[in-house]
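Results of the structural survey
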Amino acid sequence: MADPESCVFCKIVGGEIPAIVVAESDRALAFRDLNPQAPTHVLVITRDHHTDVGALARADPAALADLVALAARVAADEGLADASAGGHRLVFNTGAGAGQSVFHVHGHVLGGRPMRWPPG
Ligand code: AMP
């Protein structure tokens, strides 16, 4: 689990690592994934370091609400807000076994192609 000093997403928040930022709020930042899995693949993170979405919900529910609102804004900006526009997924991988590789809370906003269920 990365501590804030070595966390790649904290470094993006701090401007030490570049990212293509598409939206931001006082408490959250949205930027394009380096390795996109769909035509739209944007990560939405808190500016503060929290390990995962559950930890964020416990520590700061208002910041989680802000993160989800920013994800909804990104989806709308990408033309994926609702079913008539194709829709989107907001995914929080939580724990290494579920595919989490960066231990700073992030929602994946995915869209622009058909989505299967159940996910792999
Ligand atoms: P997860 O596997 O759910 O933890 O997702 C981590 C995501 O972060 C992956 O989709 C990576 O492609 C993405 N990622 C890792 N480093 C960067 C970076 N420097 N800029 C943008 N996306 C990144």
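Preceding this section is the structure that the text describes.
Here we summarise the structure given alongside this text. What you are looking at is a predicted structure, and each value in this text was computed from that prediction instead of being measured.

Near the ligand lie 15 residues; those nearest to it are Asp-33, Asn-93, Gly-99, Ser-101 and His-108. Contact between the ligand and Leu-34: a nitrogen atom at 3.1 Å from a main-chain N or O atom of the residue. In this structure, an oxygen atom belonging to the ligand sits 2.9 Å away from a side-chain N or O atom of Asn-93. When the ligand sits alone it has 500 Å² of accessible area, and the protein chains cover 83% of it. Broken down by secondary-structure element, the contributors of at least two residues to the shell around the ligand are helix H1 (8-13), strand E2 (28-32) and strand E5 (106-111). Split into classes, the residues belonging to the shell around the ligand amount to six nonpolar, seven polar and two charged.

Under the counting rule described, the total for this entry stands at three salt bridges. With a closest N to O distance of 2.8 Å, Glu-78 and Arg-32 form a salt bridge. In this pair, Glu-78 is assigned in the loop between helix H3 (61-77) and strand E4 (89-91) and Arg-32 in strand E2, connecting sequence segments 46 residues apart.

Right, let's talk about the sheet that holds E5 for a bit. Judged by pairing direction, the sheet is antiparallel, and its five strands sit side by side in the order E1-E2-E3-E5-E4 without closing on themselves. Strands with a single pairing partner mark the edges of an open sheet, and in this sheet they are strand E1 (21-24) and E4. Neighbour-to-neighbour, the strand axes of the sheet open up by a mean angle of 20°, direction not taken into account. Pairing analysis gives three bridges linking E4 to E5, with the strands arranged antiparallel. From the neighbouring strand, Leu-90 faces E5, where its bridge partner is Val-109. Its contacts with the sheet place H3 against E1, E2, strand E3 (40-46), E4 and E5, and it is angled at close to 160° to E3.

The rules behind each value
- Within each chain, residue numbers correspond to sequence positions counted from 1 in written order.
- Where local features are concerned, this predicted model is filtered to residues with pLDDT of at least 70; where side-chain atom pairs are given and counted, the filter is 80 or more; whole-chain, interface and lining totals use all residues.
- Side-chain calculation: all heavy atoms of the structure are included, whereas hydrogens and water are not.
- We call a residue near a given molecule or strand whenever any one of its heavy atoms falls within 4 Å of it.
- Counted as a polar contact is a pair of N or O atoms within 3.5 Å, where, for protein atoms, one must be capable of donating a hydrogen and the other of accepting one, and residues adjacent in sequence contribute only when both atoms are in side chains.
- The accessible surface values rely on the Shrake-Rupley method and a 1.4 Å probe; as for residues, cover is taken only from the protein chains in view.
- Where helices and strands are cited, they refer to DSSP runs of H or I of at least four residues and of E of at least two residues respectively, numbered from the N terminus.
- Classification used: nonpolar for Ala, Val, Leu, Ile, Met, Phe, Trp, Tyr, Cys and Pro, charged for Asp, Glu, Lys and Arg, polar for all others including Gly.
- The salt bridge criterion pairs a side-chain nitrogen of Lys or Arg with a carboxyl oxygen of Asp or Glu, the two atoms within 4 Å.
- Should DSSP find at least two bridges between two strands, the strands are taken to pair.
- To get an axis, a line is fitted to the C-alpha atoms, and for a helix only the part in contact is used. The angle between two axes follows their N-to-C directions and goes from 0 to 180 degrees.
- In this analysis, two residues are considered to be in contact whenever any of their non-hydrogen atoms come within 4.5 Å of each other.

Everything listed is a geometric property; what it means functionally is a separate question.
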